[in-house]
Amino acid sequence: MFPKILATTCLITMIVCSYGQQVFIRSNGGNTYIYRSMDSVMLNLSDGDTVYLPRGTFSIGTVVFTKKVVLYGAGHYPDSAASTGRTILNGEFRIIGAASGSKFQGFYLSGNLVFGTDPNNSNVEQFEIRRCSMADVIFAINDTYNSKAQFILIRENVVRGNINCRYAKDILIENNLVNGGIYCLSGSARLANNIIFGNGASVNACASITFENNIFVQVSTFQINSSSNTYRNNVFRNANPLGGSDIGEQNLFSVTNLFVLGGNSFDYLSNFNLTPDSPARTAGIGGTECGIFGGPRPYKVAALPANPHIGQKNIGANTNSAGQLQVQVTVTAQNN
């Protein structure tokens, strides 16, 4: 246990001392390496690496992941990342089959997260993305091809566009905020405790999917261009939109009393906790809460990544007579 604690402490110290330098840190097998750019990290990436992205805004272009990695940013909520700063990546991520097993957390991506660079290498498995913000999530290179991905977890993210699954298999999408809708999904998939704003069609080209404990907030006329799905204990802002082949169980319709603040689309200033008297508080399966703060793994406030988080810092402007720099840091351990 001691070596692990010592390694973690040393790593945090390195991050703090390089706070103003915007360094990228790569760790593997007890060895730690420092880089000055995302390009340098990617050139040296090895299977099993853990990469810590610094706070700041970076133009990264299109980054293709070809190795199994764990990737941590500093967070994407402005308030929660006040001490560390946010990690903002201007560009696009592409994940290929060789990067199966990777886990991403805690950054703002201006572009899309896409599986594959060609029709054959979208075969990503056991991939997890949590507590990030991105434009679209697309499981194949474009709408011409179906995805070969399977066993994908999308949890506690802000998706500013759509989740286009391209008929990938064994997908779990839970406790996310989705500005657009869910596209092209059939069988062996479950969506639970999401807030889906549906700017466009909320559910499009989906069949035999299970929707549980979600809140659908589409302001305009609700659109479901799908069939044969099961909707169980969901809350809809609109009147009943389900089609004749859909299975509906214990859903609530035309519910307008939902969130404490905001609700037509995602905004960092909004508060998506349910109002005290919202019917959605007990509309879920077994009387549980619908939306992102319900379910066995509720949305983490401010979506902080799971690695230790710097809550407060005080770094001296100058060294003392002994050449020492005063550094005071409060680090909060994350239990999930």
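Above: the structure in question.
Because the structure is predicted, anything quoted here is derived from the model rather than measured. (Residues numbered from 1 in each chain as written. Predicted model: local features only at pLDDT ≥ 70, side-chain atom pairs only at ≥ 80, totals over all residues. Heavy atoms only, no water.)

**Student:** Explain the nonpolar core here, please?
**Tutor:** Where a protein is soluble and globular, its nonpolar side chains tend to be buried together. Core analysis: the biggest nonpolar cluster contains 52 residues, and Phe65, Phe93, Ile95, Phe104, Leu113, Phe139 and Ile163 have the highest contact counts within it. Top element by residues in this core is strand β4 (residues 56-65). It accounts for four residues. Discounting chain neighbours no more than four positions away, the residues touching isoleucine 163 are Val137, Phe139, Ile154, Ile173, Val178, Gly181, Ile182 and Tyr183. Within the second largest apolar cluster, 22 residues are counted, among which are Val255, Phe266, Phe272 and Ala303. (Core = buried A, V, L, I, M, F, W, Y, C linked by side-chain atoms within 4.5 Å. Buried < 20%, exposed > 50% of the residue type's maximum accessible area, 1.4 Å probe, protein only. Helix = DSSP H or I, 4+ residues; strand = E, 2+ residues; numbered from the N terminus. Contact = heavy atoms within 4.5 Å.)

**Student:** What is the right way to read the sheet that holds strand β2 (residues 31-35) from this model?
**Tutor:** Strand-to-strand pairing in sheets goes through backbone hydrogen bonds, with the strands running parallel or antiparallel. Sheet architecture is open: twelve strands sit in the order β2-β1-β3-β5-β7-β10-β13-β16-β19-β22-β25-β27, paired in mixed fashion. Among the strands making up the open sheet, the edge pair consists of β2 and β27 (247-249). Averaged over all adjacent pairs, the angle separating strand axes in this sheet is 10°, with direction ignored. Sheet topology note: the strand β1 (residues 24-28)/β2 ladder contains five bridges and is antiparallel. From the neighbouring strand, serine 27 faces β2, where its bridge partner is threonine 32. (Pairing = 2+ DSSP bridges. Axes fitted to C-alpha atoms, helices over the stretch in contact; angles between N-to-C directions.)

**Student:** Looking at this structure, how should I read the pattern of salt bridges?
**Tutor:** Side chains bearing opposite charge may pair, as long as their charged atoms lie close to each other. For the coordinates displayed, the defined rule picks out eleven salt bridges. Residue arginine 130 is joined to glutamate 128 by a salt bridge in which the shortest nitrogen-to-oxygen separation is 3.7 Å. Note on glutamate 128: relative accessible area 14%, which makes it buried. Residues arginine 155 and glutamate 174 are paired through a salt bridge, measuring 2.6 Å at the closest nitrogen-oxygen approach. (Salt bridge = Lys/Arg side-chain N within 4 Å of Asp/Glu carboxyl O.)

**Student:** For this particular structure, what's the right way to read the pairing of strand β18 (residues 182-186)?
**Tutor:** A regular strand places its side chains on the two faces of the sheet in alternate fashion. Most of β18 is tucked away, with four of its five residues classed as buried. With two bridges joining them, strand β15 (residues 163-164) and β18 adopt parallel strand pairing. If you follow asparagine 164 over to β18, its bridge partner there is tyrosine 183. Judged from the four bridges that link them, β18 and strand β21 (residues 203-207) form a sheet pairing that is parallel.

**Student:** Help me out: how do you make sense of the packing of aromatic side chains in this one?
**Tutor:** Aromatic rings considered in pairs are described by the distance between their centres and by the relative angle of their planes. Scanning the entire structure with this criterion turns up 23 aromatic pairs. Plain terms: the ring middles of phenylalanine 65 and phenylalanine 93 are 4.9 Å apart, the flat faces sit at 80° to each other, and that makes the pair edge-to-face. With phenylalanine 65 in strand β4 and phenylalanine 93 in strand β6 (residues 87-95), this pair connects stretches of sequence that are 28 residues apart. For phenylalanine 65, a relative accessible area of 1% gives the class buried. On the numbers, 5.0 Å between centres and 80° between planes, the contact of phenylalanine 266 with tyrosine 268 is edge-to-face. For phenylalanine 266, a relative accessible area of 13% puts it in the buried group. (Phe/Tyr/Trp six-rings, centres within 6.5 Å; stacked < 30°, edge-to-face > 60°.)

**Student:** Got a minute to help me understand the pairing of strand β13 (residues 150-155) in this structure?
**Tutor:** Inspection of the sheet shows strand β10 (residues 125-130) paired to β13 by five bridges, in the parallel sense. In the strand pairing of β13, glutamate 128 is matched with leucine 153. Note that β13 and strand β16 (residues 169-174) share five bridges and pair parallel. By the bridge assignment for β16, isoleucine 154 is matched with isoleucine 173.

**Student:** Please explain unusual backbone geometry as it appears in this structure.
**Tutor:** The phi torsion of most residues other than glycine is negative, and most of the peptide bonds are trans. You will see that serine 188, though not glycine, has its phi angle at about 45°, which is positive. Here serine 188 is to be found in the loop between β18 and β19 (189-192). Phi is positive for serine 228, which is not a glycine, with a value near 60°. Along the chain, serine 228 falls in the loop between β24 (224-227) and β25 (230-232). Overall, serine 228 belongs to the partly exposed group, its relative accessible area being 35%.

Honestly, that's just the spatial picture; any functional story needs more than this.
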